[in-house]
Amino acid sequence: MIRITEPGRLRLAVLASGRGSNFTAICQAIDEGRLDAEIVVVISDKKEAPVLEKARNRNIDHYHIALQDYPDKAAYEQEIIKKLQAYDIQLVVLAGYMRLVGKELLETYKWKIINIHPALLPAFPGLDAQQQAVDYGVRFSGCTVHFVDDGVDSGPIILQRVVEVLPDDTADTLSERILQQEHQVYAEALQLFAEGKVYLKQRKVVIK
Ligand code: GRF
């Protein structure tokens, strides 16, 4: 069994491609004393991502690193790793990062990269998880905080929250209610890391 982080204030990096509502929720949890952490750097692969502006407004260092500026994905990820190491970060928090994480990052930050997915994994991995849930006709969906491995949303599960799917739900209305839960559960999961309570036993996460 391996302990993922020792107790103490977490140094986080956020990787995101879009609007950054989970980034904001994590910042709020820190501000309100619910999460003993600091977001020290935000990296986006999209130049126009609102998350970069949100980081700027909070005086958090932020960078746009674009895949197309590098010869291949390995070189792109090496650039990200350089930044993460310069900021001495402990956990990489994916928050709407719309790319598969490659070998370089996975190897350098083994079991130190976490993601949130808007479904109850292993159901509905990949894109449009809320639409998949509505189309399938499940009664309950939700969100999952999990470790990132080399599959698609397939890593060990840390925490989940259930959200009821209502008869009239569209992907949009369901997404909105799932998002509210995401904002709670991501901060809660991170606090478990800050308390040094997260262990990994083969593919199972043990919270002590
Ligand atoms: C969330 O629904 C999250 O579950 C998924 O991407 C979305 C990101 O939203 N991975 P935001 O950028 O944090 O608002």
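Rules and cut-offs
- Numbers given to residues run from 1 along each chain, matching the order in which its sequence is written.
- For a predicted model such as this one, the threshold for reporting local features is a pLDDT of at least 70, and the threshold for listing and counting side-chain atom pairs is 80 or more; totals across whole chains, interfaces and linings nevertheless cover every residue.
- The basis for the side-chain values is all heavy atoms of the structure; hydrogens and waters are excluded.
- Any Lys or Arg side-chain nitrogen located within 4 Å of an Asp or Glu carboxyl oxygen qualifies as a salt bridge.
- Secondary structure follows DSSP: runs of H or I at least 4 residues long count as helices, runs of E at least 2 residues long count as strands, and numbering of each begins at the N terminus.
- Burial classes: relative accessible area under 20% of the type maximum marks a residue as buried, over 50% as exposed, and values in between as partly exposed (1.4 Å probe, protein chains only).
- Each axis is a line fitted through C-alpha atoms, taken for helices only over the stretch in contact, and angles between the N-to-C directions span 0 to 180 degrees.
- Oblique is the label for every angle not falling under 35 degrees (roughly parallel), over 145 degrees (roughly antiparallel), or within 65 to 115 degrees (roughly perpendicular).
- In this scheme, a crossing is called left-handed if the near helix is turned counterclockwise away from the far one by less than a right angle; it is called right-handed if the turn is clockwise.
- Note on contacts: a residue pair qualifies if any of its non-hydrogen atoms lie within 4.5 Å across the two residues.
- The classification used treats Ala, Val, Leu, Ile, Met, Phe, Trp, Tyr, Cys and Pro as nonpolar, Asp, Glu, Lys and Arg as charged, and all other residues, Gly among them, as polar.
- Only buried residues count toward a nonpolar core. Its members are Ala, Val, Leu, Ile, Met, Phe, Trp, Tyr and Cys residues joined through side-chain atoms within 4.5 Å.
- Here a Phe, Tyr or Trp ring, Trp counted by its six-membered ring, pairs with any other such ring whose centre lies within 6.5 Å, and the pair is stacked when the planes are under 30 degrees apart, edge-to-face when over 60, and tilted otherwise.
- Think of it this way: DSSP has to see at least two bridges between two strands before they count as a pair.

Draft legend 1. Structural view of the pattern of salt bridges. This structure, assessed with the given rule, holds eleven salt bridges. Between Asp36 and Arg9 there is a salt bridge, with the nearest N and O atoms lying 3.2 Å from each other. Here Asp36, found in the loop between helix H1 (21–31) and strand S3 (37–44), pairs with Arg9, found in the loop between strand S1 (2–3) and strand S2 (10–16); they are 27 residues apart in sequence, far enough to count as distant. Residue Asp36 is classed as partly exposed on the basis of its relative accessible area, which comes to 34%. For Arg56, the salt bridge goes to Glu53, with nearest N and O atoms at 3.1 Å. On the criterion of helical spacing, the pair formed by Arg56 and Glu53 is a turn pair, its members being three residues apart in helix H2 (residues 50–57). For Arg56, a relative accessible area of 46% translates into the label partly exposed. Looking at Glu53, the relative accessible area reads 40%, which means it is partly exposed. Here the salt bridges share partners, and the residues they tie into one network are Asp45, Lys46 and Arg99.

Draft legend 2. Looking closely at the packing of helix H5 (residues 129–136) against helix H6 (residues 171–194). Closest axis-to-axis distance for the H5/H6 pair is 9 Å, and the angle between their directions is 120°. As judged from the angle between their axes, H5 and H6 are oblique. For the element pair H5 and H6, the recorded crossing hand is right-handed. Of the residues in H6, those in contact with Gln130, Gln131, Ala133 and Val134 of H5 are Ala171, Leu174, Ser175 and Ile178. Tallied by class, residues from the contact of H5 with H6 come to five nonpolar, three polar and no charged.

Draft legend 3. View of the nonpolar core. Formed by 47 residues in total, the largest nonpolar core has its most connected members in Leu12, Phe23, Ile26, Ile39, Phe147, Ile158 and Phe193. The biggest single contributor to this core is H6, with ten residues. Among all residues touching Ile39, those that are not within four sequence positions of it are Leu12, Val14, Phe23, Ile26, Cys27, Ile30 and Ile60. Leu15, Ile65, Ile81 and Leu106 belong to the second-largest nonpolar core, a separate cluster that totals 21 residues.

Draft legend 4. The packing of aromatic side chains, seen in detail. As enumerated under the stated definition, the model contains five aromatic pairs in all. Taking 5.9 Å as the distance between ring centres and 85° as the angle between the ring planes, the aromatic pair formed by Phe147 and Phe193 counts as edge-to-face. Of this pair, Phe147 sits in strand S7 (residues 140–147) while Phe193 sits in helix H6, and the two are 46 residues apart along the sequence. For the pair Phe147 and Phe193, one class covers both residues: buried.

Draft legend 5. Summary view of the sheet that holds S2. Pairing is mixed in the open sheet, where seven strands are placed in the order S4-S3-S2-S5-S6-S7-S8. Whereas interior strands pair on both sides, the edge strands pair on one side only; in this sheet they are strand S4 (61–64) and strand S8 (157–164). Strand-to-strand, the axes of this sheet are offset by a mean angle of 20°, without reference to chain direction. The pairing of S7 with S8 spans seven bridges and is antiparallel. Note that in S8 the partner of Thr144 across the bridge is Gln160. Of the strands in this sheet, S2, strand S5 (91–94), strand S6 (113–117), S7 and S8 are in contact with H6, which crosses S8 at around 155°.

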